Amino acid sequence: MHVRSALVYTVLRLLVFVVPFAIMMLFQIMREYYWLSAIFAALIGLSLSVLFLRRPLDDLTAGLAARRRARRDTDEDAEDAAADQVASTPSE
């Protein structure tokens, strides 16, 4: 996994929440009901991330899948090597 893709996606997701939240907090009525501003900002952020953050999410998940595949290959190789070592050792 590339750290850059995870960092980019995380920063963008935070921005699509924080920016609408900050804009709503400029209004007096929304300052009184800050929890309502947080709910609206979360819904707006979710909608924006589904619409505009598909590519960073794809990059992140592709990196995670590659990392998982690499780990699985090394685990299988280690298990095969251990099994070969046990099979080649003469039994008493």
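The structure this text deals with has already been given above.
Everything in this summary refers to the structure shown in the same document. As the structure is a computational prediction, the values presented were derived from the model and not from experiment. (Residues numbered from 1 in each chain as written. Predicted model: local features only at pLDDT ≥ 70, side-chain atom pairs only at ≥ 80, totals over all residues. Heavy atoms only, no water.)

Thoughts on the environment of G45
Inference 1: Looking at the element boundaries, G45 is found in helix α3 (residues 34–52).
Inference 2: Taking the relative accessible area as the measure of exposure, G45 reaches 5% and is therefore buried.
Inference 3: The spatial distance from the C-alpha of G45 to the C-alpha of F21 is 9.3 Å, given a sequence separation of 24 residues. (Helix = DSSP H or I, 4+ residues; strand = E, 2+ residues; numbered from the N terminus. Buried < 20%, exposed > 50% of the residue type's maximum accessible area, 1.4 Å probe, protein only.)

Notes on the packing of helix α1 (residues 3–25) against α3
Any two packed helices are characterised by how steeply their axes cross, that is the angle between the axes, and by the distance between the axes.
Inference 1: With their axes 8 Å apart at the nearest point, α1 and α3 run at an angle of 140° to one another. When the interaxial angle is binned, α1 and α3 end up oblique. The crossing of α1 and α3 is right-handed. Along its contact with α1, which presents R13, V16, F17, P20, F21, M24 and M25, the element α3 presents Y34, S37, A38, F40, A41, A42, I44, G45, L48 and S49.
Inference 2: A per-class count over the contact of α1 with α3 returns 13 nonpolar, three polar and one charged. (Axes fitted to C-alpha atoms, helices over the stretch in contact; angles between N-to-C directions. Parallel < 35°, antiparallel > 145°, perpendicular 65-115°, else oblique. Left-handed = near helix turned anticlockwise from the far one by under 90°. Contact = heavy atoms within 4.5 Å. Nonpolar A, V, L, I, M, F, W, Y, C, P; charged D, E, K, R; others polar.)

Thoughts on the packing of aromatic side chains
Inference 1: The final tally for this structure, using the stated rule, is two aromatic pairs.
Inference 2: When the centroid spacing of 5.8 Å and the interplanar angle of 10° are considered together, the rings of F17 and F21 count as stacked. In this pair, F17 and F21 are both assigned in helix α1, four residues apart and thus about one turn of the helix distant.
Inference 3: For F17, a relative accessible area of 30% corresponds to the partly exposed category.
Inference 4: For the ring pair Y33 and W35, a centre distance of 6.3 Å and an interplane angle of 85° mean the geometry is edge-to-face. (Phe/Tyr/Trp six-rings, centres within 6.5 Å; stacked < 30°, edge-to-face > 60°.)

Side note on a negative patch on the surface
Inference 1: A cluster of acidic residues, E76, D77, E79, D80 and D84, forms a negative patch at the surface.
Inference 2: By the secondary structure assignment, E76 is in helix α4 (residues 54–88). (Patch = residues over 30% accessible without salt bridge, like charges linked within 9 Å, V, L, I, M, F, W, Y side chains within 5 Å. Areas by Shrake-Rupley, 256 points an atom, 1.4 Å probe, with all protein chains shown as cover. Salt bridge = Lys/Arg side-chain N within 4 Å of Asp/Glu carboxyl O. Lys, Arg positive; Asp, Glu negative; His and termini not counted. Charge placed at Lys NZ, Arg CZ, Asp CG, Glu CD.)

Structural notes on α3
One turn of an α-helix holds 3.6 residues; hence residues three or four places apart share an orientation.
Inference 1: Helix length check: α3 (19 residues) gives 26 Å between terminal C-alpha atoms against 27 Å at 1.5 Å per residue, within 8%.
Inference 2: Residues of α3 that are buried: S37, A41, G45 and S49. For α3, the angular spread of buried residues about the axis comes to 90°, placing them on one side. (Expected span 1.5 Å × (residues − 1). Arc of directions from axis to C-beta.)

Digging into the environment of L53
Inference 1: Within the secondary structure, L53 sits in the loop between α3 and α4.
Inference 2: The exposure class assigned to L53 is buried, which follows from its relative accessible area of 7%.
Inference 3: Along the backbone, L53 and Y9 are 44 residues apart, and their C-alpha atoms lie at a distance of 7.7 Å.

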